[in-house]
Amino acid sequence: SMTTIVSEDNSYRAYTKGSFEKIVFFSSKIIVEGKVKEFTKELKDEINRRVMSLESQGKRILAFSHKDIEADNKDWQSVQETVEKDMIFDGFVSIADPLREDVYEAVKKSRESGIGLKILTGDNNITAESIARQLDIVEGDSLILDASKIDNMSDGELLNILDKVVVIARSNHETKMRVVKLLKKQGNVIAVTGDRINDAPALRKAHVGIAMGITGTEVSKEAADIVLLDDSFSTILKAVKWGRGIYENFQRFIQFQLTVNLVAVLTVFLCEILGFSAPFTTIQLLWVNLIMDGPPALSLGLESLRDYLMERKPI
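Only a predicted model underlies this, so the values are computations on that prediction, with no experimental measurement involved. (Residues numbered from 1 in each chain as written. Predicted model: local features only at pLDDT ≥ 70, side-chain atom pairs only at ≥ 80, totals over all residues. Heavy atoms only, no water.)

K.L.:
Could you clarify how one ought to interpret the overall build of the chain in this entry?
P.N.:
Scanning the chain from N- to C-terminus turns up 12 helices and 12 strands. A compact globule built from 315 residues would reach a C-alpha radius of gyration of about 20 Å, whereas the chain, at 30 Å, exceeds it by more than 25%. Overall size of the chain, expressed as C-alpha extent along the three principal axes, is 105 × 45 × 40 Å. When each of the 315 residues of the chain is scored for burial, the buried share is 31%. Per element, the accessible surface of the chain, about 19500 Å² overall, is 57% carbon and sulfur. (Helix = DSSP H or I, 4+ residues; strand = E, 2+ residues; numbered from the N terminus. Rg over C-alpha atoms; globule rule 2.2 N^0.38 Å. Buried < 20%, exposed > 50% of the residue type's maximum accessible area, 1.4 Å probe, protein only. Areas by Shrake-Rupley, 256 points an atom, 1.4 Å probe, with all protein chains shown as cover.)

Put into structure tokens, the structure is as follows:
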């Protein structure tokens, strides 16, 4: 949540925005048809039903409240104790943040290529689960957990279920760091995406930190290894494909070089043992290495990307 205190005539007014759950917790009154009334349990339940209906559609909810403060009361050092209580609930907005069209195919390809996905988000369970189901990453035994539940687990308990966890809702930077640390402990290669200042530690801790070029903060970009100029998840898959293509070309290059050179060395070695004269002159060996060997090996190292690369499991 975020609270702003504004000077108004001889008093002050606090405006708070944040998640629906927090704003409701702070509020004891509500504005109904322009009049301030008690925020009863019945009213809270009715509004909560509407909110849950919107969240199940993948909508994000931002709620608002306010409170008048007397001019002589400026003890704002501990805002939660003095300001963020007994507030007046103003209402909420539903924000549609639809997934990009290319994300569906990118997520499908990443799973087919052996890349596991975990969503760590500030959204609540309902919104996060809705997004995960749209992306089709939730299976029968998949777990969708709240960060508060994970925080109460020991490292051992979390490690036992970490493979099944696909969504962590209400996640913060500490949760992200802990998950990265435990996934690395299992021997995984970890790539983390993030755009906020608080994401910087997790971006550094991961094997590959990926920041957002458009919406990302400068701190997150500095901490990351890669910056996505278009902020698109599908671009990560393109980078993975290029990486696999380069790796495969290295293999082709080395395999070709080893084949030619090992045969040449083995032939010379056997002739020496058996007492035959040298099968190749020095000029002939140089010719094979520089002229016959070099260009074909280089061409193999520059082969174009093959379509099957993303169907293979990671090495």
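And the narrative resumes.
K.L.:
Which parts of the structure should I look at to understand the nonpolar core?
P.N.:
Side chains that are nonpolar tend, in soluble globular proteins, to be buried together. Counting 21 residues, the largest nonpolar core has Leu-158, Leu-162, Ile-168, Ile-190 and Val-192 as its most contacted members. At the level of secondary structure, the elements contributing two or more residues to this core comprise helix 6 (147-151), strand 9 (165-169), helix 8 (173-185) and helix 9 (200-205). Apart from the residues lying within four places of it in its own chain, the contact partners of Val-192 are Lys-176, Val-180, Ala-202, Leu-203, Ala-206, Val-208, Gly-209 and Ile-210. (Core = buried A, V, L, I, M, F, W, Y, C linked by side-chain atoms within 4.5 Å. Contact = heavy atoms within 4.5 Å.)

K.L.:
Mind showing me how you'd approach the packing of aromatic side chains here?
P.N.:
The geometry of an aromatic ring pair is captured by two quantities: the separation of the ring centres and the angle between the planes. In total, this model carries 4 aromatic pairs according to the counting rule given. Both rings, one in Phe-20 and one in Phe-89, keep their centres 6.2 Å apart while their planes meet at 85°; by these two values the pair is edge-to-face. Placement of the pair is Phe-20 in helix 1 (residues 20-26) and Phe-89 in strand 6 (residues 87-95), with a sequence separation of 69 residues. By relative accessible area, which is 5% here, Phe-20 ends up buried. For the pair Phe-20 and Phe-92, a centre-to-centre distance of 6.2 Å together with 80° between the ring planes defines the contact as edge-to-face. Remark: Phe-92 occurs in strand 6 and Phe-20 occurs in helix 1; sequence separation between them is 72 residues. (Phe/Tyr/Trp six-rings, centres within 6.5 Å; stacked < 30°, edge-to-face > 60°.)

K.L.:
So what exactly am I meant to see when it comes to the environment of Phe-39 here?
P.N.:
Within the secondary structure, Phe-39 is located in the loop between strand 4 (35-38) and helix 2 (41-55). By relative accessible area, Phe-39 is classed as buried at 5%. Residues Phe-39 and Val-103, 64 residues apart in the sequence, show an inter-C-alpha distance of 41 Å. When neighbours within four sequence positions are excluded, Phe-39 is seen to be in contact with Val-24, Ser-27, Ser-28, Lys-29, Ile-30, Lys-44, Ile-47 and Phe-89.

K.L.:
Could you clarify how one ought to interpret helix 12 (residues 282-301) in this entry?
P.N.:
Because each turn of an α-helix spans 3.6 residues, side chains separated by three or four positions end up pointing in the same direction. Counted at 1.5 Å a residue, the expected span for helix 12 with its 20 residues is 28 Å, and the 27 Å between its end C-alpha atoms agrees. Maximum bend of helix 12: about 45°, positioned at Asp-293, with proline Pro-295 one to four residues after it. Taken together, the buried positions of helix 12 are Asp-293, Gly-294 and Ala-297. Looking at the buried side of helix 12, the elements it contacts are helix 11 (233-274). (Expected span 1.5 Å × (residues − 1). Bend = angle between axes of the 7 residues up to and from the residue.)

K.L.:
It is not clear to me how the pairing of strand 6 should be interpreted in this structure. Could you clarify?
P.N.:
Along any regular strand the residues' side chains alternate between the sheet's two faces. By the bridge criterion, 3 bridges tie strand 3 (residues 27-32) to strand 6 in an arrangement that is parallel. The residue of strand 6 that forms the bridge with Ser-27 is Met-87. Bridge analysis of strand 5 (residues 60-70) against strand 6 gives 7 bridges, and the strand direction is antiparallel. Across the sheet, Arg-60 pairs through a bridge with Ile-95, a residue of strand 6. (Pairing = 2+ DSSP bridges.)

K.L.:
Looking at this model, I keep getting lost on the sheet that holds strand 12 (residues 226-228). Mind explaining?
P.N.:
Strands pair in a sheet through their backbones, by hydrogen bonds, and they do so in one of two ways: parallel or antiparallel. Read across the open sheet, the 3 strands follow the order 10-11-12; overall the sheet is parallel. The two strands at the open ends of the sheet, each matched to only one other strand, are strand 10 (191-194) and strand 12. For this sheet, the mean inter-axis angle between neighbouring strands, taken without regard to orientation, is 25°. Relative to strand 12, strand 11 (residues 208-212) is paired through 3 bridges, and the arrangement is parallel. Looking across to strand 12, one finds that Ala-211 is bridged to Val-227. (Axes fitted to C-alpha atoms, helices over the stretch in contact; angles between N-to-C directions.)

K.L.:
Explain the pairing of strand 4 to me, please; I cannot follow it from the model alone.
P.N.:
Pairing of strand 3 with strand 4 involves 4 bridges; the strand directions are antiparallel. By the bridge assignment, Lys-29 is partnered in strand 4 with Glu-38. Following strand 3, the chain reverses through 2 residues before pairing antiparallel with strand 4; Glu-33 in that reversal takes a positive phi of roughly 55°.

K.L.:
Looking at this structure, I do not really get the sheet that holds strand 7 (residues 119-120). What am I missing?
P.N.:
Overall, parallel pairing links the 3 strands, which are arranged 7-9-8 in an open sheet. Of all the strands in the sheet, just strand 7 and strand 8 (143-146) have a single pairing partner and so form its edges. Here strand 7 pairs with strand 9 via 2 bridges, running parallel. Across the sheet, residue Leu-120 finds its bridge partner in strand 9, namely Ile-168.

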